[in-house]
Amino acid sequence: MSVIRPLITAAQTAGLVLGLSIFSLGLGLAVASATSANASEVKLKAGLGQSVIPTAGGKVYLRLSLKALAHEVSEDRSPLNIGLVLDRSGSMRGKRMEAAKDAARMALSRLGASDTVSLVSYNHNVQVLQPAKRLGSHASMTSAINRLKADGRTALFAGVTEGGRQVQRYLTDRQINRVILMSDGLANVGPSSPRELGRLGQELGAKGISVTTIGLGLGYNEDLMQRLALASDGNHAFAEKPEDLIRIFNAEFGDALSIAAKDIEIIIEVRAGFRPVRVLGRDAEISDSKIKLRLNQLTALNERYLIVELDASASTPAANVDVAGVEVEYLDLQSGARNRTSSRVAVEISDDKNKQLASRDNNVMSEITTQIATERSEKAVELRDRGDLKGARQLLQQNATYLKRSRSNFAAGKAPASPSALRELKKLEEESNVAADSLEAGKWAKTRKSMRYQQHKAKQRQSY
């Protein structure tokens, strides 16, 4: 079965999925279990949206699910190696600086004597208030936090670079290596574009260091902060008010403390008759029939999903046709071993529409819908940035309708989607409606930051 069908445009894809026609989705399902359950900490599932696709071929969306088994994660957790990077430029004066100090002190309370911590602050200059060292007593670090004062401009790039340098001083595989950046302002000293910060994130991510970015208020550059986090496989959060910082820092350290696996390498070998097109929402290396990508970390608290778009060629009816083989290798932080797990995905080809519809996996379809809706949300931001309020509003309203209709479909039948999946679709629907009504100049700054935050959460499957 050779690949012969041309790539359908993204706009056509979204419209076809909206209609949920079997041909347009061209989806199939074959969930193969993760290989041997022997001490593997990560459970892999790979499947498509339906186990039967039409002979005409079309779009096929492959979903990978990776989940660290929480009950197998030892209470004797891996140590943390954290670089706290705090903006102390002039815009942080007053309540913001005090809230940042409170959040940093709270973060210390979550750490133990075996954790490594450094504290970097920056305005137009960078200051290492506490070089990386085992935490031991909190006294010296707390004293350094208490002395923070806000003034000057914002050398964000240099601050993150120094935070990464401090983490690298004690960099090892068997611990969680993370830079946590908090800023309320625009980078205006040194490199300051999203592309430059994204490149810095890639460099740190390649070394096994993730970067969490926390934007405070309405003055920071959300594109820059989100790109920096995404490029390093880190978290991103929008703190609208200073009092939000404690909650976000608490969630961030809860996330860091629950990492069960890291340095995750994924290889997908696509079989003849299916052509790899892209991975939705993530960068990946695609060469002929092979897809390679990497995740920095996997927590025991949430499941990571990846959606891969494939193009299926026309074919004759057949059963148990191979679609792809998936291999995952990762570092198990509990044992220190590099483990492997794999899965095989197959599909049936038939023009029996009732059979196609009955074979739909509503949980897989819900995640596919989430990622397609996230792409539409990103497109709406682009339209609004170009001044096309009408186009952005119309797209967001269409997105809300698409999500509502999908939720109704996936809630029906003998095997409806899980309550949590349906709740997420409803939440995305509500967010699309709110954004559609909040595009005017006086509301746009907050709306845009909120949208970028939600887009990042959907792509990363961020837990907070």
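None of these values were measured; they are calculated from a predicted model.

So, how was this worked out
- Note that residues are indexed from 1 along each chain, following the sequence as it is written.
- Under the rules for a predicted model, residues below a pLDDT of 70 receive no local features and side-chain atom pairs below 80 are neither given nor counted, while totals for whole chains, interfaces and linings still include all residues.
- Excluded from the side-chain calculation are hydrogens and water; included are all heavy atoms of the structure.
- The secondary structure listing takes helices from DSSP runs of H or I that are at least 4 residues long and strands from runs of E that are at least 2 residues long, numbered from the N terminus.
- Each residue is placed in one exposure class: buried if its accessible area under a 1.4 Å probe, protein chains only, is under 20% of its type's maximum, exposed if it is over 50%, and partly exposed if it falls in between.
- Note on definitions: a residue-residue contact is assigned when non-hydrogen atoms from the two residues lie within 4.5 Å.
- Here the Shrake-Rupley method, with its probe set to 1.4 Å, supplies the accessible areas, and only the displayed protein chains count as covering residues.
- Whenever a nitrogen or oxygen atom comes within 3.5 Å of another N or O atom, the pair is scored as a polar contact, on the condition that within protein one atom can donate a hydrogen and the other can accept it, and that pairs from neighbouring residues in sequence are kept only if both atoms are in side chains.
- Think of it as the arc spanned by the lines of direction from the helix axis to the C-beta atoms.
- Any carboxyl oxygen of Asp or Glu that lies within 4 Å of a side-chain nitrogen of Lys or Arg is treated as forming a salt bridge with it.
- Here the term cavity refers to a set of points on a 1 Å grid, laid over the protein atoms alone, in which a 1.4 Å probe fits but cannot get out; the term pocket refers to an open set having protein on both sides within 12 Å along at least five of seven lines, with lining residues being those that place an atom within 4 Å of a point.
- Grid points are joined across faces, edges and corners, and a volume is the space filled by probe spheres set on the points.
- Under this grouping Gly is polar, as are all residues other than the nonpolar Ala, Val, Leu, Ile, Met, Phe, Trp, Tyr, Cys and Pro and the charged Asp, Glu, Lys and Arg.
- At least two bridges found by DSSP between two strands are what make those strands a pair.
- Throughout, right-handed denotes a crossover for which the path from the first strand over the helix to the second runs clockwise when the strands point away from the viewer.
- Whenever a helix is involved, its axis is fitted only over the stretch in contact; in every case the axis is a line through C-alpha atoms, and angles between N-to-C directions fall within 0 to 180 degrees.
- For classification, angles of less than 35 degrees are called roughly parallel, those exceeding 145 degrees roughly antiparallel, those between 65 and 115 degrees roughly perpendicular, and all remaining angles oblique.
- It is the rotation of the near helix from the far one that decides the hand of a crossing: anticlockwise by less than a right angle makes it left-handed, clockwise makes it right-handed.

## Focus: the overall build of the chain
Line of reasoning, step 1. For the chain, the helix and strand inventory stands at 13 helices and 16 strands.
Line of reasoning, step 2. Residue burial in the chain is summarised as follows: out of 464 residues, 55% are buried.
Line of reasoning, step 3. Put simply, 77% of the contacts in the chain that link residues at least 6 apart link residues at least 24 apart.
Line of reasoning, step 4. Accessible surface computed for the chain: about 18600 Å², of which carbon and sulfur atoms make up 50%.

## Details of the side chain of His236
Line of reasoning, step 1. Examined against the element boundaries, His236 turns out to sit in strand 9 (residues 236-239).
Line of reasoning, step 2. At 2.9 Å, the side chain of His236 forms a polar contact with the side chain of Thr213.
Line of reasoning, step 3. The contact partners of His236, leaving out residues within four places of it in the chain, are Thr213, Tyr220, Met225, Gln226, Ala229, Tyr453, His456 and Gln462.

## A short note on helix 4 (residues 139-146)
It helps to recall that an α-helix has 3.6 residues per turn; residues three or four apart then point in one direction.
Line of reasoning, step 1. Along helix 4, the residues that are buried comprise Met141, Ala144 and Ile145. One side of helix 4 holds all its buried residues, which, seen down the axis, span an arc of 100°.
Line of reasoning, step 2. Summarising the contacts, the buried residues of helix 4 are in contact with helix 3 (95-109), strand 5 (116-122) and strand 6 (126-134).

## Some thoughts on unusual backbone geometry
Line of reasoning, step 1. Even without being glycine, Asp233 reaches a positive phi, approximately 65°.
Line of reasoning, step 2. Along the chain, Asp233 falls in the loop between helix 7 (222-231) and strand 9.
Line of reasoning, step 3. The phi angle at Asn320 is positive, at roughly 55°, despite the residue not being glycine.
Line of reasoning, step 4. Classification of Asn320 as exposed rests on a relative accessible area of 54%.

## With respect to the pattern of salt bridges
Line of reasoning, step 1. Across all of its chains, the model carries 36 salt bridges by this definition.
Line of reasoning, step 2. Its salt-bridge partner being Asp263, residue Arg294 comes within 3.3 Å of it at the nearest N-O pair. Note that Arg294 is positioned in strand 13 (residues 290-299) and Asp263 in strand 10 (residues 259-270), a separation of 31 residues in sequence.

## Quick word on empty space enclosed by the protein
Line of reasoning, step 1. Counting across every chain of the model gives 4 cavities of 30 Å³ or more.
Line of reasoning, step 2. Each pocket or cavity is described by its volume, and for the largest cavity that value is around 110 Å³.
Line of reasoning, step 3. What lines the largest cavity is a set of 15 residues, among which Asn235, Asp255, Thr299, Arg304 and Gln460 lie closest to the centre.
Line of reasoning, step 4. In terms of residues, the lining of the largest cavity owes the most to one element, strand 13, which gives 3 residues.
Line of reasoning, step 5. Of the residues belonging to the lining of the largest cavity, the class tally is 2 nonpolar, 8 polar and 5 charged.

## Considerations on the pairing of strand 9
Line of reasoning, step 1. Side chains His236 and Phe238 project from strand 9 onto one buried face, and the interleaved Ala237 and Ala239 project onto a second face that is buried too.
Line of reasoning, step 2. Here strand 8 (residues 210-216) runs beside strand 9; their pairing, made up of 4 bridges, is parallel. The residue bridging Gly215 from the neighbouring strand is Phe238, located in strand 9.
Line of reasoning, step 3. The β-α-β motif built from strand 8, the intervening helix 7 and the parallel element strand 9 has right-handed crossover chirality.

## A few points about the packing of helix 3 against helix 8 (residues 244-257)
For any two helices packed against each other, one specifies the inter-axial angle together with the distance between the axes.
Line of reasoning, step 1. Viewed as axis vectors pointing N to C, helix 3 and helix 8 meet at an angle of 25°, and their least axial separation amounts to 9 Å. Taken together, the axis directions place helix 3 and helix 8 in an arrangement best described as roughly parallel. Helix-helix and strand crossings are classified by hand; for helix 3 and helix 8 the assignment is right-handed. Mapping the contact onto sequence places Ala99, Ala100, Asp102, Ala103, Met106 and Ala107 in helix 3 and Leu245, Ile246, Phe249, Asn250 and Phe253 in helix 8.
Line of reasoning, step 2. Of the residues belonging to the contact of helix 3 with helix 8, the class tally is 9 nonpolar, 1 polar and 1 charged.

These figures come from the coordinates and say nothing about function on their own.
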